[in-house]
Amino acid sequence: MSFRRAAAALALSLLAGPAVAVQPDEMLSDPKLEARARELSGELRCLVCQNQSIDDSDAPLAKDLRVLVRERIKTGDTNTQVLDYLVARYGEFVLLRPRFNAHTAILWTLPFAVLILGAGGIFLALRRRSARAGSIEAPLSAEEKARLDEILARES
Amino acid sequence: MIVEIGHYALVLALALALVQSVVPIWGAVKGDERAMALAGPISVGQFVFVAVAFSALTYAHVVSDFSVVNVFENSHSTKPMIYKISGVWGNHEGSMLLWVAILALFGALVAFFGRNLPQTLRANVLGVQAWVAVAFYLFVLLTSNPFARFGQPPMEGRDLNPLLQDVGLAIHPPLLYLGYVGFSIAFSFAAAALIEGRIDAAWARWVRPWTLTAWVFLTLGIAMGSYWAYYELGWGGWWFWDPVENASLMPWLAGTALLHSAIVMEKRDGLKIWTILLAILAFSLSLLGTFLVRSGVLTSVHAFATDPARGVFILGILVLFVGGSLTLFAARAATLTKGGLFAPVSREGALVFNNLFLTAGTATVFVGTLYPLMLEATTGGKISVGAPFFDMTFGPLMVPLLIALPMGPFLAWKRGDILAVVQRLAAVMVLSVVAVLVTWMLKGHDILPALGVGLATWLMLGSLAEILWRIKLFTEPSVSLRRAVGLPRSAWGTFLGHFGVGVMLLGIVAEGAWKIEHVLVMKPGDHIRVERFDVAFERAVPNSGPNWDEVIARFEVTDGTSNPPIVMEPSKRTYRTRSMPTTETAIETYGLFSQLYLAIGEAQGEGVAMRIYWKPLVLLIWIGTLIMSIGGVVSLTDRRLRVGAPTPHRVAAAALPAAAE
């Protein structure tokens, strides 16, 4: 917690030079394709430095992957095809956004399950309690209303 | 000798903590006033001894006593004095010593400011606080002794990790620890309430200032860490969803929920059980954060504490306290009476809504951070969970919360009128829609950033509208000034806190959507146009500092006006002892909030790889968090919180503003 980013950079710089990830000579000349490459790079994990995308990492493997992604894009792969290709080679571990499957079902559903179950629980608790205590505020009776009007009239 | 005194003082602090963990609680059970009264002086004594220990280690660092292992490994005689001092906590052992020092400080503060607490509550709170202290003193003394010596002292030290030789290190960890450890007070109060089986609105009033204090420090600590990463690492990013960042975000989210639920408890005597649970959770998540970072369990780039003995020890502490407190909670929560009824649409309802979404957000960060570990431990499968996951889950979860946020403070307690709220916010809604349309038209017909700007506008103007409505600026301007002065400070705190969220969001949206990035090789004499700026590489200049050498790339930047060019000098530094290169970015702020950002990379042929960013409104991210923290401080000065607990005549005084809300 204390030196988190600095330590991140420490690890990176031990692996390679200073922290500049994508290099000018790697970039594609077509800005549209390059934008796609950058987008995909943010989704892919640098396998050796961990918890860094290949877009952020300076490790040699990250560079290889960046070049590979760009080669696939140049040969006309769609984004999905590029990702499939990398998963086939390196496994699911390479994806920073895990795919939804039996292994990751809990991961993907838990945030929303907490929300829905929490909302359901709150709803039930509120209903049970107000059922027990009757309605929160009984409406004013005609007599009370008349008295209230009288008080308000006097005040003004 | 001084170092040994420090070591001995730490052992004495442990001894005192042991006494404090038993005697006051025993006194509370037996009704022995003298035993209970012991808690106060012992907590202060504990703090004095830990302060001596901390000072001793600081002394060893300041005088560069390399016979101390910790100094040898993390210092160097040529290191500038500020980094000799901040280097005390720039390593595992020293940072854990800082952790226990802050824990003891909070204990002493509770003893000092809590003199008007009910006697048994005070004894139990300080007793529980001492349990935590005992665990961590043992951890430091048994696994992470900062006072160990060499038999044969070396002549020179290994220097501090260059990336930590930054003013960020001097500030970020102490702030973060004040936040983390500050939640221990809320935890101790919760455990004490469960032990006594009694809890009331006054309890919330005592706990709230401590929670608020911890929250302010944690907010500042996280923001500071984020800005440090932004300028130090040269990637231009400010949040990476790294597990270690998540470790600090989880207690922050739970702490934010706690702040809000404690209001319901204080004002309406409701949500008691839930508030107790949140107090336990907030500190448990702090402990979890300590475990994640200090054990090296994460296969994270951060894992620089890789000694398994330490990991197992902290895991033990974690299991003991989380398990113990949750068991206590399960056993005793039912004895706490349930309080106040409310309709779904009410201030209470809004705060429950807040808690629901913040809890879901905490759960998201929790599962995203720990799931890979759990999956690997149970099935051996390896997956990664990174920023794209959190962007898809945590992001959408926060949207309903932010949309609802400006409406909450407008709602009445018990039963609110949503139509009246909508009426009062009608103008703000119109302005927010205008903001969306204008952004959409001006900024390239991009709908998501436009909606983001609209939401930020809604948050900022919505919180402003609430405070203006309260002082009746639009209905009775003649009384506004008087009402503004008379308004409780907590109302101003709420306004600032919520307004800051809007400011931060505006920064996040603008930076995310409209940043400009150029990655290119530049030679001296080259120049490039970035946004409205002409960035010209003049020449490379060698330079040297006390313990490093660097090559400065001198740039001249003109902004398209007749203003004289601004010199920007990013550099690449090599620290002599560790011969490790670092990137020093050059950042120039334009128009108050936007920044031009230059980072230098590797040499390529005759030139050098450069990263040049234009970051529109980026500073608002941290200014927003700063405003949020100021809101917390302003709220702390509210008179009903000022002394921790109201004495009888203060109750009468506090009842008025409370009724006015």
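Cut-offs and rules
Residues numbered from 1 in each chain as written. Chains lettered and ligands numbered in written order. Predicted model: local features only at pLDDT ≥ 70, side-chain atom pairs only at ≥ 80, totals over all residues. Heavy atoms only, no water. Helix = DSSP H or I, 4+ residues; strand = E, 2+ residues; numbered from the N terminus. Buried < 20%, exposed > 50% of the residue type's maximum accessible area, 1.4 Å probe, protein only. Contact = heavy atoms within 4.5 Å. Areas by Shrake-Rupley, 256 points an atom, 1.4 Å probe, with all protein chains shown as cover. Salt bridge = Lys/Arg side-chain N within 4 Å of Asp/Glu carboxyl O. Pairing = 2+ DSSP bridges. Axes fitted to C-alpha atoms, helices over the stretch in contact; angles between N-to-C directions. Polar contact = N/O pair within 3.5 Å; in protein donor to acceptor, adjacent residues only side chain to side chain. Phe/Tyr/Trp six-rings, centres within 6.5 Å; stacked < 30°, edge-to-face > 60°. Lys NZ or Arg CZ within 6 Å of the ring centre and 35° of its normal. Parallel < 35°, antiparallel > 145°, perpendicular 65-115°, else oblique. Nonpolar A, V, L, I, M, F, W, Y, C, P; charged D, E, K, R; others polar. Core = buried A, V, L, I, M, F, W, Y, C linked by side-chain atoms within 4.5 Å. Left-handed = near helix turned anticlockwise from the far one by under 90°. Expected span 1.5 Å × (residues − 1). pLDDT = per-residue confidence, 0-100.

Chemist: Just to check I follow, could you spell out the overall build of chain A for this structure?
Modeler: In terms of regular secondary structure, chain A is built from six helices and zero strands. Going from the N terminus to the C terminus, chain A shows its helices and strands as α-α-α-α-α-α. Of all 156 residues assigned to chain A, the portion counted as buried reaches 41%. Taking all contacts inside chain A whose residues are at least 6 apart in sequence as the whole, residues at least 24 apart take part in 53%. Of the roughly 8300 Å² of accessible surface on chain A, a fraction of 60% belongs to carbon and sulfur atoms.

Chemist: Before we go on, may I ask you to explain the pattern of salt bridges in this structure?
Modeler: Side-chain pairs of opposite charge can arise where the charged atoms are in close proximity. What the rule picks out here adds up to 22 salt bridges over all chains. A salt bridge links B:Glu517 to A:Arg38; the shortest N-O distance between them is 2.6 Å. Taken as a pair, B:Glu517 in strand E1 (residues 516-522) and A:Arg38 in helix H2 (residues 31-41) lie in two separate chains rather than in one. Its relative accessible area of 17% is what places A:Arg38 among the buried residues.

Chemist: Quick question: what am I supposed to make of the sheet that holds strand E9 (residues 594-604) of chain B here?
Modeler: Remark on secondary structure: sheet strands pair via backbone hydrogen bonds, oriented parallel or antiparallel. Residues and elements named next belong to chain B. One open sheet accounts for four strands, arranged E1-E10-E9-E8; its pairing is antiparallel. At either margin of the open sheet sits one strand with a lone partner, and together these are E1 and strand E8 (586-590). Between one strand axis and the next, the sheet turns through 15° on average, direction left out of account. When E1 meets strand E10 (residues 607-615), the two strands line up antiparallel, connected through seven bridges.

Chemist: Any chance you could explain the interface of chain A and chain B here in plain terms?
Modeler: Note: interface size is frequently given as the accessible area lost on complex formation between the parts. With 59 residues of chain A at the interface, the matching set in chain B holds 82 residues. Across the contact surface, chain A and chain B share five residue pairs in polar contact (both at pLDDT 80 or more). Listed by contribution, the elements that provide at least two residues to the side of chain A that touches chain B are helix H1 (4-15) and helix H5 (105-133) of chain A. The dominant element in the side of chain A that touches chain B, judged by the number of residues it contributes, is H5(A), at 16 residues.

Chemist: Any chance you could explain the packing of aromatic side chains here in plain terms?
Modeler: Describing an aromatic ring pair means giving the distance of the ring centres and the angle of the ring planes. All names here are of chain B. Summed over all chains, the structure comprises 28 aromatic pairs over all chains. Taken together, a centroid distance of 5.6 Å and an interplanar angle of 35° make the contact between Tyr-227 and Tyr-230 tilted. Residue Tyr-227 and its partner Tyr-230 are located together in helix H9 (residues 201-233), separated by three residues, close to a single helical turn. In this structure Tyr-230 comes out as buried when scored by relative accessible area, which is 0%. The ring of Phe-112 has Arg-115 sitting right over it, with the charged end atom 4.4 Å from the ring centre. The cationic tip of Lys-443 hangs over the ring face of Trp-514; the distance from NZ or CZ to the ring centre is 5.0 Å.

Chemist: What should I look at first to understand the packing of helix H7 (residues 119-143) of chain B against helix H12 (residues 308-332) of chain B in this one?
Modeler: The description of two helices packed together rests on the angle between their axes and the distance between the axes. Residues and elements named next belong to chain B. The interhelical angle for the contact between H7 and H12, taken along N-to-C directions, is 170°, at an axis separation of 10 Å. What the angle tells us is that H7 and H12 run roughly antiparallel. Across the interface between the two elements, Trp-131, Val-132, Ala-135, Phe-136, Leu-138, Phe-139, Leu-142 and Thr-143 of H7 pack against Arg-310, Phe-313, Ile-314, Ile-317 and Phe-321 of H12. Its residues placed into classes, the contact of H7 with H12 shows eleven nonpolar, one polar and one charged.

Chemist: Looking at this model, I keep getting lost on the nonpolar core. Mind explaining?
Modeler: Across soluble globular proteins, you tend to see nonpolar side chains buried next to one another. Residues B:Trp99, B:Phe136, B:Tyr137, B:Phe189, B:Trp203 and B:Ile276 are the most contacted members of the largest nonpolar core, which totals 164 residues. In terms of residue count, helix H8 (residues 167-196) of chain B provides more of this core than any other element does, 16 residues in total. Here B:Trp99 is in contact with B:Phe136, B:Tyr177, B:Tyr180, B:Val181, B:Phe283, B:Leu287 and B:Thr290, once residues within four sequence places are set aside. Of all hydrophobic cores here, the second largest spans 21 residues; its members include A:Leu28, A:Leu40, A:Leu47 and A:Leu68.

Chemist: So what exactly am I meant to see when it comes to the environment of B:Ser226 here?
Modeler: Residue and element names in this part refer to chain B. Structurally, the position occupied by Ser-226 is in helix H9. Overall, Ser-226 belongs to the buried group, its relative accessible area being 3%. Of the polar contacts made by the side chain of Ser-226, one reaches the backbone oxygen of Trp-238; its length is 2.8 Å.

Chemist: Would you take a moment to explain the packing of helix H1 (residues 2-30) of chain B against helix H3 (residues 39-62) of chain B for this structure?
Modeler: Residues and elements named next belong to chain B. Interaxial distance between H1 and H3 falls to 8 Å at its minimum, and their mutual angle equals 160°. As far as their axial angle goes, H3 and H1 are roughly antiparallel. Considering only the axes of H1 and H3, their crossing is left-handed. A breakdown of the residues in the contact of H1 with H3 according to their chemical character gives 20 nonpolar, five polar and no charged.

Chemist: Any chance you could explain the pairing of strand E6 (residues 571-575) of chain B here in plain terms?
Modeler: For a regular strand, the rule is simple: side chains alternate between the two faces of the sheet. All names here are of chain B. Residue alternation in E6 divides its side chains into a buried set, Ser-571, Arg-573 and Tyr-575, and an unburied set, Lys-572 and Thr-574. With five bridges joining them, strand E4 (residues 548-558) and E6 adopt antiparallel strand pairing. The residue of E6 that forms the bridge with Glu-550 is Arg-573. As judged from the five bridges shared by E6 and strand E7 (residues 580-584), these two strands associate in the antiparallel manner. Paired with Arg-573 across the two strands is Thr-582, which belongs to E7. In this antiparallel pair of consecutive strands, E6 and E7, the connection spans four residues, and Ser-579 shows a positive phi of 35°.

Chemist: Just to check I follow, could you spell out helix H17 (residues 447-470) of chain B for this structure?
Modeler: Owing to its 3.6 residues per turn, the α-helix aligns residues three or four sequence positions apart on the same side. All names here are of chain B. In a regular helix each residue adds 1.5 Å, so 24 residues correspond to 34 Å; H17 covers 34 Å between its end C-alpha atoms and thus fits that length. The buried fraction of H17 amounts to 18 of the 24 residues, a majority that puts the element mostly inside the structure. With its phi angle positive at about 60°, Lys-472 sits one or two positions after the end of H17.

Chemist: What exactly am I supposed to notice about unusual backbone geometry here?
Modeler: In terms of backbone geometry, most residues other than glycine have negative phi values and most peptide bonds are trans. All names here are of chain B. Even without a glycine there, the phi angle at Lys-414 is positive, about 70°. Positionally, Lys-414 belongs in the loop between helix H14 (387-404) and helix H15 (418-424). The phi angle at His-445 is positive, at roughly 50°, despite the residue not being glycine. Within the element layout of this structure, His-445 appears in the loop between helix H16 (426-442) and H17.

Chemist: Where do I start with the confidence of the model for chain B in this structure?
Modeler: Segments scoring low in pLDDT should not have their predicted coordinates read at a detailed level. All names here are of chain B. The predicted model of chain B averages 88 in pLDDT, with 95% of residues at 70 or higher. Predicted confidence for residues 300-305 stays below pLDDT 50, and this span has 27 contacts to residues more than four positions away or in other chains. Confidence drops under a pLDDT of 50 for residues 643-661, and excluding neighbours within four residues, the segment shows 25 contacts in the predicted structure. With a pTM of 0.88, the predicted complex shows an ipTM of 0.82.

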